[in-house]
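Inside the fold
Spelled out, the chains give:
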Amino acid sequence: MKHNYIIPIFVPHKGCPNQCIFCNQKKISGQIKDLTTDDVRKIIDEYLEINNNIDYSNIEVAFYGGSFTGIEYEKQIELLKVANEYIKNKKINSIRLSTRPDYINQEILDYLKKYGVRLIELGVQSMNNEVLNRALRGHTSQDVINASKLIKKNGILLGLQMMVGLPESNEEKEIQTAKEFIKLKPYCVRIYPVLVIKDTPLEEEYYNGIYQACDLEKAIKISAKLFQMFEKENIIVIRMGLQTTDNINEGRDVVAGPFHPAFGELVSQYIRFLEIEEYIKNNDLRSKDLIIKCNNKEISKIIGNKKENILKIKSRYDINVKVQIDNNIGENQYIIENKE
């Protein structure tokens, strides 16, 4: 499927039956007031005006935040109708939304399809029921399985979201969640490390010493493992880490946890380090120099933040890594050479 440009529209806490332990959607989305149809039109129109050179078939409206299908039915239809007008007028291609696994049934899917919803992302977070209970999610892993199968049966693309570092979770449980995701064959996934956000139950637990936040290095390493698992199965990882907003930033509403404005990039850099290291271990190198040829956009991933990757390779293996730009090589690809 071709790459789509997303027009994000946040519906904070609408449709949520309870507050999960980690969640304050209004702070996460940066939005406080309720969403109106005029707001939706304004957001879409502003995006289309700025990006007027993009073909409409590549543009998608996304309703994020809260649980869209848990909103009162009339409000859902009101918002969907506005977005659908832009589909009919060939200004956008389709709609995607996020919701809870236990807020999906055939009746809901029937009207979502009618208004042009092409992809549904389920906020799963974990496939371990003990972790789900501890996080106050209010749904089970079986709800995820049932909803996922029904979504795919109706010809709608499936997205699944998981979290790293939830209370009572660990690397083993997160790897198992990824394995369960793979069995469901989603089109895409998101990986979010848990952040301690102000005005959440998790903030209280953190300050009371009940919850210990995951550090950045650990979150990067486990996210890299998860990414590689999904990549091997041709499942697209569309995001790693929360989107930075005015509120979701250090010194604002992020109290603790593995926050970094470029978290996904750090994970990609670590994966490149692992791949280069594997090449060194598996090949009889003829010289102390590695030449890595790559597209200009790939350089930062190869070199690493503050040249961390090439410095670690030098320190561990006494090998010099030299990067050469070759824009004939595609994105996310590179060639390693070792010549005397």
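Scroll up to find the structure.
Attention in this report is confined to the structure presented alongside it. (Residues numbered from 1 in each chain as written. Predicted model: local features only at pLDDT ≥ 70, side-chain atom pairs only at ≥ 80, totals over all residues. Heavy atoms only, no water.)

So, the overall build of the protein chain
To keep it simple, the criterion reads: Counting from the N terminus, the helices are the DSSP runs of H or I reaching at least four residues and the strands are the DSSP runs of E reaching at least two. With a 1.4 Å probe rolled over the protein chains alone, any residue whose accessible area is under 20% of its type maximum counts as buried; one over 50% counts as exposed, and the rest are partly exposed. The contact criterion used is simple: two residues touch if any of their non-hydrogen atoms lie within 4.5 Å. In this description, accessible areas are obtained by the Shrake-Rupley approach with a 1.4 Å probe, and a residue is regarded as covered only by the protein chains that are shown. Charge assignment in this entry is limited to Lys and Arg as positive and Asp and Glu as negative, and neither His nor the chain termini are counted. Every charge is mapped onto a representative atom, which is NZ of Lys, CZ of Arg, CG of Asp or CD of Glu.
A tally of regular secondary structure across the protein chain gives 12 helices and 12 strands. Each of the three principal axes of the protein chain carries a C-alpha extent, and together these read 70 × 50 × 40 Å. Among the 340 residues that make up the protein chain, the fraction classed as buried is 52%. Once local pairs closer than 6 in sequence are excluded, the contacts in the protein chain between residues at least 24 apart make up 78%. Total accessible area computed for the protein chain in this model is approximately 16800 Å², and 45% of it derives from carbon and sulfur atoms. The average position of the 48 basic charges and that of the 47 acidic charges among the side chains of the protein chain differ by 3 Å.

Points about helix α3 (residues 73–88)
Condition: Multiplying one less than the number of residues by 1.5 Å gives the expected span of a helix.
Between its first and last C-alpha, α3 extends 22 Å over 16 residues, near the 22 Å set by a 1.5 Å rise per residue. Restricting attention to buried positions, one finds in α3 the residues Lys-75, Gln-76, Ile-77, Leu-79, Leu-80, Val-82, Ala-83, Asn-84 and Tyr-86. Two residues or fewer after α3 comes Lys-90, characterised by a positive phi angle close to 55°.

Some remarks on the pattern of salt bridges
The condition that has to hold: One speaks of a salt bridge when a side-chain nitrogen belonging to Lys or Arg is within 4 Å of a carboxyl oxygen belonging to Asp or Glu.
Scanning the model with the defined rule gives 21 salt bridges in all. Across the salt bridge formed by Glu-121 and Arg-96, the nearest N and O atoms sit 3.4 Å from each other. In this pair, Glu-121 is assigned in strand β4 (residues 117–125) and Arg-96 in strand β3 (residues 94–99), connecting sequence segments 25 residues apart. Residues Glu-121 and Arg-96 agree in their burial class; the two are buried. Several salt bridges converge on common partners, so that one network encompasses Glu-60, Arg-96, Arg-118, Glu-121 and Arg-190.

Re the sheet that holds β3
To keep things clear, this is the line we draw: A pair of strands is treated as paired once DSSP finds two or more bridges between them. Note on method: axes are straight lines fitted to C-alpha atoms, helices fitted across the in-contact stretch only, with angles between N-to-C directions ranging 0 to 180 degrees.
With respect to topology, seven strands assemble into an open sheet ordered β1-β2-β3-β4-β5-β6-β8, the strand pairing being parallel. The open sheet terminates on both sides in strands that have one partner only, identified here as β1 (5–10) and β8 (236–240). Averaged over all pairs of adjacent strands, the angle between their axes in this sheet comes to 20°, without regard to strand direction. Relative to β8, strand β6 (residues 188–193) runs parallel, the two sharing four bridges. Its bridge partner lying in β8, Val-189 is registered against Val-237. In the packing of helix α9 (residues 216–232) onto the sheet, the strands contacted are β5 (157–164), β6 and β8, and the crossing angle to β6 comes to about 170°.

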